[in-house]
Amino acid sequence: MVPHNLLWHAHTEEDGEVFEVNVDECLMRLRFGTFVCQAENLFGKEASDIVQAILDHGKLRPQEILSHLGAYEPKTITLYSQTIHKLVAMSYLKPATILSHVSPRDKRIRYETEEKAKIIGFPTAREIREAREVAEARLRREEEDAEMVGLKRKAKKASSHRPSKRKIVEEDEHVVEESVHFRVNFDKFNTHIRNSVGLETLSTATVHEFPVQLIVRAATERYNADAALVVQAALKVTEPTQKNVSEVRTDPMSVASVNLKLSEHDLSSGLVFPSKKVPSSACIKDYLGMLSSADNPTPAGRAGSFISYTSSKIQVEFEIIGRRLRRRVLESVARERHGVEGVRILRLLMDTGKMDEKQVSKIVMMAPKEVRPLLAALAADSLISTQEVPKSADRNPTRTFYLWHVDLNKAYSAILGSLYKTLYNIEMRRRAEMDVSEVKAVLEKRERSDVSQDESLLSRLERDILNEWELKQKRLTVLEMRVEETVFILKDLRVLGISDD
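Note that the structure is a prediction, hence the values are computed from the model and not measured.

A closer look at the overall build of the chain
Regarding its fold elements, the chain presents 21 helices and eleven strands. Burial analysis of the chain (501 residues in total) assigns 39% to the buried set. Contacts in the chain between residues far apart in sequence, at least 24 positions, make up 62% of those at least 6 positions apart. Carbon and sulfur atoms make up 54% of the accessible area of the chain, which amounts to about 28,800 Å² in all.

Quick notes on the side chain of S305
With respect to the helices and strands, S305 occurs in the loop between helix 14 (299–303) and strand 8 (307–310). Looking at S305, the relative accessible area reads 0%, which means it is buried. Those residues within four positions of S305 in sequence are excluded, and the remaining contacts are L291, S292, S293, I320, I321 and R324.

Examining the sheet that holds strand 9 (residues 313–316)
Spatially, the three strands line up as an open sheet ordered 7-9-8, and their pairing is antiparallel. Strands at the two margins of the open sheet, each flanked by one partner only, are strand 7 (253–254) and strand 8. Relative to strand 9, strand 7 runs antiparallel, the two being bridged by two bridges. Counterpart to M253 in the pairing with strand 9 is I314.

Details of the pattern of salt bridges
Tallied over the full model, the rule gives 31 salt bridges. Residue R372 pairs with E357 through a salt bridge whose shortest N-O separation is 2.9 Å. Here R372, found in helix 17 (residues 368–380), pairs with E357, found in helix 16 (residues 357–363); they are 15 residues apart in sequence, far enough to count as distant. Through salt bridges with shared partners, a single ionic network connects R327, E331, R347 and D351.

Points about the packing of helix 3 (residues 45–57) against helix 5 (residues 74–89)
Angle between the axes and distance between the axes: these two values describe a pair of packed helices. With their axes 9 Å apart at the nearest point, helix 3 and helix 5 run at an angle of 70° to one another. Judged on the interaxial angle alone, helix 5 and helix 3 are roughly perpendicular. Residues E46, A47, D49, I50 and V51 of helix 3 form the contact with helix 5, whose own contacting residues are L79, Y80, T83, I84 and L87. Split by residue class, the contact of helix 3 with helix 5 holds seven nonpolar, one polar and two charged.

Brief notes about the confidence of the model for the chain
Residue-level pLDDT values for the chain average 83, and 89% of them are 70 or greater. Per-element mean pLDDT across the chain ranges from 45 in helix 8 (residues 165–171) up to 93 in helix 18 (residues 408–434). When the criterion is pLDDT under 50, residues 167–172 qualifies, and its contacts beyond four places in sequence or with other chains add up to seven contacts.

A short note on the nonpolar core
In this structure, V258, L330 and I345 are the most contacted members of the largest nonpolar core, which totals 98 residues. Top contributing element to this core by residue count: helix 15 (residues 318–352), with 13 residues. When neighbours within four sequence positions are excluded, I345 is seen to be in contact with V360, V364, V371, L374, L375 and L378. One finds V442, L443, V451 and W469 within the second-largest nonpolar core, a separate group that totals seven residues.

Some words on the pairing of strand 9
The side-chain alternation of strand 9 yields one buried face, formed by I314 and V316, and one unburied face, formed by K313 and Q315. Looking at chain direction, strand 8 and strand 9 are connected through four bridges and run antiparallel. Each residue of the ladder has a partner; that of S308, found in strand 9, is Q315.

Comments concerning the environment of E370
Residue position: E370 is located in helix 17. Distance from E370 to E341, taken between C-alpha atoms, is 9.7 Å for residues 29 residues apart in sequence.

Looking at the packing of helix 2 (residues 32–43) against helix 3
Helix 3 packs onto helix 2 with a crossing angle of 155° between their chain directions and a minimal axis gap of 6 Å. Between helix 2 and helix 3, the angle is such that the two are roughly antiparallel. Taken as a pair, helix 2 and helix 3 cross one another with a handedness that is right-handed. Across the interface between the two elements, F32, V36, A39, E40 and F43 of helix 2 pack against K45, A47, S48, V51, Q52 and L55 of helix 3. The residue makeup of the contact of helix 2 with helix 3, split by class, is seven nonpolar, two polar and two charged.

Focus: the side chain of T191
Among the secondary structure elements, T191 is positioned in helix 9 (residues 186–194). According to the relative accessible area criterion, T191 is buried, its value standing at 2%. In this structure the side chain of T191 is engaged in a polar contact, spanning 2.4 Å, whose partner is the backbone oxygen of K188.

Let's talk about the pairing of strand 1 (residues 7–12)
Here strand 1 runs beside strand 2 (residues 16–21); their pairing, made up of six bridges, is antiparallel. Within the sheet, the bridge partner assigned to A10 lies in strand 2 and is V18. Linking two consecutive strands that pair antiparallel, namely strand 1 and strand 2, is a turn of three residues.

Some words on helix 5
Helix length check: helix 5 (16 residues) gives 22 Å between terminal C-alpha atoms against 22 Å at 1.5 Å per residue, within 8%. Within helix 5, burial applies to Y80, T83, I84, L87 and V88. The arc that holds every buried residue of helix 5, seen down its axis, measures 135°, which confines them to one face. In helix 5, the exposed positions that point more than 90 degrees away from the buried face belong to P74, K75 and Q82. At the C-terminal side of helix 5, S91 shows a positive phi close to 70°.

Conventions we followed
- Residues take numbers from 1 onward in each chain, read along the sequence in its written order.
- Side-chain atom pairs in this predicted model are given and counted only at pLDDT of 80 or more, local residue features only at pLDDT of at least 70, and totals for whole chains, interfaces and linings cover all residues.
- Note that water and hydrogens are dropped before the side-chain values are worked out from all heavy atoms of the structure.
- Secondary structure follows DSSP: runs of H or I at least 4 residues long count as helices, runs of E at least 2 residues long count as strands, and numbering of each begins at the N terminus.
- Each residue is assigned to one of three classes by its accessible area relative to the maximum for its type, calculated with a 1.4 Å probe on protein chains only: buried under 20%, partly exposed between the two thresholds, exposed over 50%.
- The contact criterion used throughout is that any non-hydrogen atoms of two residues lie within 4.5 Å.
- Here the open area of atoms and residues is found with the Shrake-Rupley method and a 1.4 Å probe, where only the protein chains shown may cover a residue.
- Note: two strands are recorded as paired if DSSP finds a minimum of 2 bridges between them.
- Every case where a carboxyl oxygen of Asp or Glu lies within 4 Å of a side-chain nitrogen of Lys or Arg is listed as a salt bridge.
- Only the stretch in contact is used when fitting a helix axis, every axis being a line fitted to C-alpha atoms; angles between N-to-C directions are given from 0 to 180 degrees.
- Angle categories: roughly parallel below 35 degrees, roughly antiparallel above 145, roughly perpendicular from 65 to 115, and oblique for all the rest.
- Charged residues are taken to be Asp, Glu, Lys and Arg, nonpolar residues to be Ala, Val, Leu, Ile, Met, Phe, Trp, Tyr, Cys and Pro, and polar residues to be all remaining types, Gly included.
- Confidence of the predictor at the level of single residues is captured by pLDDT, which takes values from 0 to 100.
- Here, the term nonpolar core denotes a set of buried Ala, Val, Leu, Ile, Met, Phe, Trp, Tyr and Cys residues that are joined through side-chain atoms within 4.5 Å.
- For any helix crossing, the convention is left-handed if the near helix is rotated counterclockwise from the far helix by under a right angle, and right-handed if that rotation is clockwise.
- Contacts described as polar in this section are N or O atom pairs within 3.5 Å, which, within protein, must combine one atom able to donate a hydrogen with one able to accept it, while residues neighboring in sequence count only if both atoms come from side chains.
- In this scheme, a helix's expected span is set at 1.5 Å multiplied by one less than its residue total.
- The directions considered for the arc are those from the helix axis to the C-beta atoms.

Listed below in structure tokens is the structure:
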């Protein structure tokens, strides 16, 4: 389990060596199929084979990868070696270091203690927050320094004659270090789940065909498929510099670079112009103004934008989009459990802040006898919380104001816990379907060498049982993908919502 990074270990003076389960790494197993598919779409079948081999074994050296893939012919070795170099150079594979097997929580606590010890006197809330930020930056810097391996300069060959410029460029290229163990960089693959698939596989007709392109699909639902293409082009321009999902926004890019990506697309069908022939650049500028909410320069318009468009520079705003996606999940849960009235109260509290029961009843235009049980039900699901404001020092409940508000961190954590239970139930249902006596007998029969080569040896009843079982497995897989997508929004994109409230 340690090579797969499922366990962290640490040394303590009291207990010696202790272990801790890496929960995030365990849950990441649900996306392994997506990572393999992304590698094939981006770099071809060889990349998917390499990624799958590393995922199966946790971490591997380049020579071990070739051995597991059965690459012994010179042509095959060269092809896989070039693909490994490309994956490492573009950060899809990263070196496995000692720090990746040590619990970061222990080091974070130790660093915070060291920073707090430097504070003179009683520490304030600001000083504690700054100490925590310094400790986090120190831990992150250590991890980045430890991962500065994997590629090295190609050894120069001694030569008596003066080399040409072309040879100098070739000699300055980097090669993959054979002694370094590599593991899959989940953060890099998660950026594609956040964004979408490659632009070369995307067209106006296929925007809805990919279930994991969150930002592109959000732009499609808000505007149209052509607007989604503009967002996708902007993401594609800055794709090499996107390292993880904690980035607040992309690097600045020019409008000309977006025009270059969309030179072969006709975007005039999604807009209405007085003349029929409109240049593509004009359509792109109109879409950029629309996506940046240029016609609504208010806080509400800013909260509904996808990009920032100033001084002919464009940036995709990941933080704003992520906050909007999380809020949509929260509202959908409230609507499903408590109806439209629950969503109305939830939106009111998120927009205005703390309010008492009488104010909520007055503004949402509902009777107090209807608002009171609805507030209690929302609080029972941890979607809203209460703040006590006592009138006297004895905190007598009869002399205390109770203000209702939305604690976003608490609400998202409650929904996330419910989603994890759903994933567990899906897996238990999948196992229960396989343990049915009729299905189990058919599956065991299909594993026989003669039946696996010719499934016509199965009877009609056995084929019907097998087809029904496969249909149930597909439905459970689709449900699991939908739940995992919601988990991605609430958990992986949550790093952008620290200041939501």
